[in-house]
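So the chains spell out like this:
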Amino acid sequence: MALAIWLLWHTTQSCLGRARDRIFTAPLHSLALLQSPIALLKLPRRSPVSDSKALPQAAMGVSPRLVVVMVAATLLPLAASELIELSYTFNDDAPTSPRLRQFKQELVRKGRNKINLWVELYDICTSEHAGTHIDAPRHNSENGWTLEAIPTSRLWRIPAVVVDVSKTIKEKRLKNYEVNQKDLMDWEAQHGVIPDGALVFIHTGWGKMVRNYWSYAGLDQNNNLNFPGIGKGGAEWLANHGKNNSHTIGIVGVGIDTLSLDKGQSVRMPAHAALFAGNIYGLENVANLDKLPTVGSYVTVMPLRIKGGTGAPARIIAEVGQGSSALASTLRPLLTGLLLPFILALRFLQDA
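Residues numbered from 1 in each chain as written. Predicted model: local features only at pLDDT ≥ 70, side-chain atom pairs only at ≥ 80, totals over all residues. Heavy atoms only, no water.

Colleague: Give a detailed account of the overall build of the chain, specifying residues and quantitative values.
Modeller: Within the chain one finds eleven helices and twelve strands. Long-range pairs, those at least 24 residues apart, make up 76% of the contacts in the chain between residues at least 6 apart in sequence. Accessible surface, the chain as shown: approximately 18600 Å² in total, 54% of it carbon and sulfur. (Helix = DSSP H or I, 4+ residues; strand = E, 2+ residues; numbered from the N terminus. Contact = heavy atoms within 4.5 Å. Areas by Shrake-Rupley, 256 points an atom, 1.4 Å probe, with all protein chains shown as cover.)

Okay, here's the thing in C-alpha cells:
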C-alpha cells in the first residue's frame, strides 16, 4: 500500500504540473465520471504519448494503466467485507423463554383481490423479549434508557469483541456457569484492552443446541431453566470497564448466545442489574457467535423502535473482514481523492 501511495503521489505531482490548465478549463463529459474515475481512461484519445513523456523519472517504464491497476488492487481489499447474520428467525429457530409470551403469527388475508392483485398479510403477537432481542436498560433499571432513548451511535457499526468461554463451560460441565472477572481479565491479557465504545459478546457455545429447545433452555424435571450467564462480578467488571480504563464512553452493550444475560437459575438477575444501571444494553439469543473473529468485527443492531419499550426483537448484522475496519473507512476516500486527479492528468496528457 505504501508503495502504491508513494508512486501515485509523485506521478500526480508531475502530471498536474503539466496539465493544470487543461484540467481546469476542459469540461467533464459527465458527472458519472467522478463516480467511476477509471472510466476516464476508456475515453477515445487522439494520440498516445510515450511513458517517458507522461510519467516522471521515478515511474519510468510503468504504464498509466498499470499504475491504476496497482491502486485499484490496493483499494479493492479495503472494500471487501463479509456480512454475518446474528439473529434467529421467527417461525423457524428463534428461541423465547418459556416464561414469556411466544411469537404467534395469524393469517389475515392470503389470495387475489377483486383487481387480481396478490395480497398476503398477517398479525403478529409476541413478547418484547422474544427471539433474538435487545434489552433496554429500563428493563431492570428504574432510571435507565427506554428503547427509543438508546442513542443510534450505540447501535450502528459498533466495534465488537467475542469472549469465548465455551471450552471452559465444556470442561467444567457446569450448565449454570457464570462468566466471572477472571475470565474477562484473562481475555484482555491475551487480546488487549476492550476498546472504548465496544459491544462485548459472550460466546458460551449454547447456540449449537437452539434446534433442541429443551436442551437450549435447559429445562429439568422441575421445569427450571439451566444455562450459562454472566456472574455478578463479571457484570460489574464490564459495567466499570470504561471508568477503570479512562475511556470516554465505555462498553455500550453486552450480548450472549443464551436465553438471558444471567444464568438460567438466577433469581436476583445481578448481570441485568449491574449492566443496566450504567445504561449498557443487553442482547440475548444471539446467533452465530462462533463465526465472528475475536476482535475486528463491526456490528449493527436494529431493534423495533418502541416508545417506552423495555426491549424488542432485533436484527443484528456483523461486518467481518478488511472492509469493516475503521482504517479502511478512513483510507478509502483518501485514496480515491488522490486517484481522481491522477487519472484526469493522465487523460489530458494523452490527448496533448
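After that view, the rundown keeps rolling.
Colleague: Residue-level account of the confidence of the model for the chain, with values.
Modeller: For the chain, the mean per-residue pLDDT works out to 81, and 68% of the residues sit at or above 70. Within the model, the stretch residues 18–62 combines pLDDT values under 50 with 69 contacts to residues more than four positions away or in other chains. (pLDDT = per-residue confidence, 0-100.)

Colleague: Tell me about the layout of surface pockets, and please be specific about residues and values.
Modeller: Of the voids in this model, the largest pocket is the one considered here, and its volume is about 420 Å³. For the largest pocket, the lining is made up of 25 residues, of which Thr 204, Gly 205, Trp 206, Gly 207 and Lys 208 are closest to its centre. Here the lining of the largest pocket takes four residues from helix H5 (residues 166–172), the largest share from any one element. Within the lining of the largest pocket, the residues separate by chemical class into nine nonpolar, nine polar and seven charged. (1 Å grid on protein atoms, 1.4 Å probe; cavity = no way out; pocket = protein on both sides within 12 Å on 5 of 7 lines; lining within 4 Å. Points joined across faces, edges and corners; volume = space filled by probe spheres on them. Nonpolar A, V, L, I, M, F, W, Y, C, P; charged D, E, K, R; others polar.)

Colleague: Please set out the side chain of Thr 310 residue by residue, giving values where relevant.
Modeller: Within the fold, Thr 310 resides in the loop between strand S11 (297–303) and strand S12 (311–320). Separated by 3.1 Å, the side chains of Thr 310 and His 129 make a polar contact. Residues contacting Thr 310, with those up to four places away along its chain left out, are Glu 128, His 129, Ile 134, Asp 135, Ala 136, Arg 138 and His 139. (Polar contact = N/O pair within 3.5 Å; in protein donor to acceptor, adjacent residues only side chain to side chain.)

Colleague: Go over the packing of aromatic side chains with me, naming the residues and quoting the values.
Modeller: Tallied over the full model, the rule gives one aromatic pair. Centroid distance Phe 90 to Phe 103: 4.4 Å. Interplanar angle 20°. Geometry classified as stacked. Taken together, the positions of Phe 90 in the loop between strand S1 (82–85) and strand S2 (104–112) and Phe 103 in the loop between S1 and S2 put the pair 13 residues apart, joining distant regions of the chain. Phe 90 gets classed as partly exposed once you look at its relative accessible area, which sits at 23%. Between the NZ or CZ atom of Arg 157 and the centre of the ring of Tyr 298, over which it lies, the distance is 4.9 Å. (Phe/Tyr/Trp six-rings, centres within 6.5 Å; stacked < 30°, edge-to-face > 60°. Buried < 20%, exposed > 50% of the residue type's maximum accessible area, 1.4 Å probe, protein only. Lys NZ or Arg CZ within 6 Å of the ring centre and 35° of its normal.)

Colleague: Would you mind going over unusual backbone geometry in detail, with residue names and values included?
Modeller: Here Ser 246, not a glycine, exhibits a phi torsion of approximately 55°, which is positive. Given the relative accessible area of 68%, Ser 246 is considered exposed. Backbone geometry places Asn 288, a non-glycine residue, at a positive phi of 60°. Structurally, the position occupied by Asn 288 is in the loop between strand S10 (281–284) and S11.

Colleague: Now, about the pairing of S12: what can you tell me, with residues and values included?
Modeller: Most of S12 is tucked away: nine of the ten residues are buried. The sheet contact formed by S1 and S12 spans four bridges and is antiparallel. Following the sheet pairing, Glu 82 is matched in S12 by Val 320. With three bridges connecting them, strand S4 (residues 133–135) and S12 associate as antiparallel partners. When the sheet's bridge partners are listed, His 133 is paired in S12 with Pro 313. Two elements, S11 and S12, share six bridges in a ladder whose sense is antiparallel. Of the residues in S12, the one forming a bridge with Thr 300 is Ile 317. (Pairing = 2+ DSSP bridges.)

Colleague: If you had to explain the environment of Ile 84 to someone new, which residues and values would you point to?
Modeller: Looking at the element boundaries, Ile 84 is found in strand S1. Each C-alpha atom of the pair Ile 84 and Val 320 lies 7.4 Å from the other, and the pair is 236 residues apart in sequence. Apart from residues lying up to four places away in sequence, Ile 84 is in contact with Asn 288, Lys 291, Leu 292, Ile 316, Ile 317, Ala 318 and Val 320.

Colleague: Residues and numbers for helix H8 (residues 232–239), please.
Modeller: When H8 is considered as a whole, its buried residues turn out to be Gly 234, Ala 235, Trp 237 and Leu 238. End-on, the buried residues of H8 take up no more than an arc of 160°, which puts them together on one face. (Arc of directions from axis to C-beta.)

Colleague: Lay out the packing of helix H6 (residues 181–191) against H8 with the relevant residues and their values.
Modeller: Interaxial distance between H6 and H8 falls to 7 Å at its minimum, and their mutual angle equals 45°. The angle between the axes of H6 and H8 places the two elements in the oblique class. For the pair H6 and H8, contact is made by Gln 181, Leu 184, Met 185 and Glu 188 and by Gly 233, Gly 234, Trp 237 and Leu 238, respectively. A breakdown of the residues in the contact of H6 with H8 according to their chemical character gives four nonpolar, three polar and one charged. (Axes fitted to C-alpha atoms, helices over the stretch in contact; angles between N-to-C directions. Parallel < 35°, antiparallel > 145°, perpendicular 65-115°, else oblique.)

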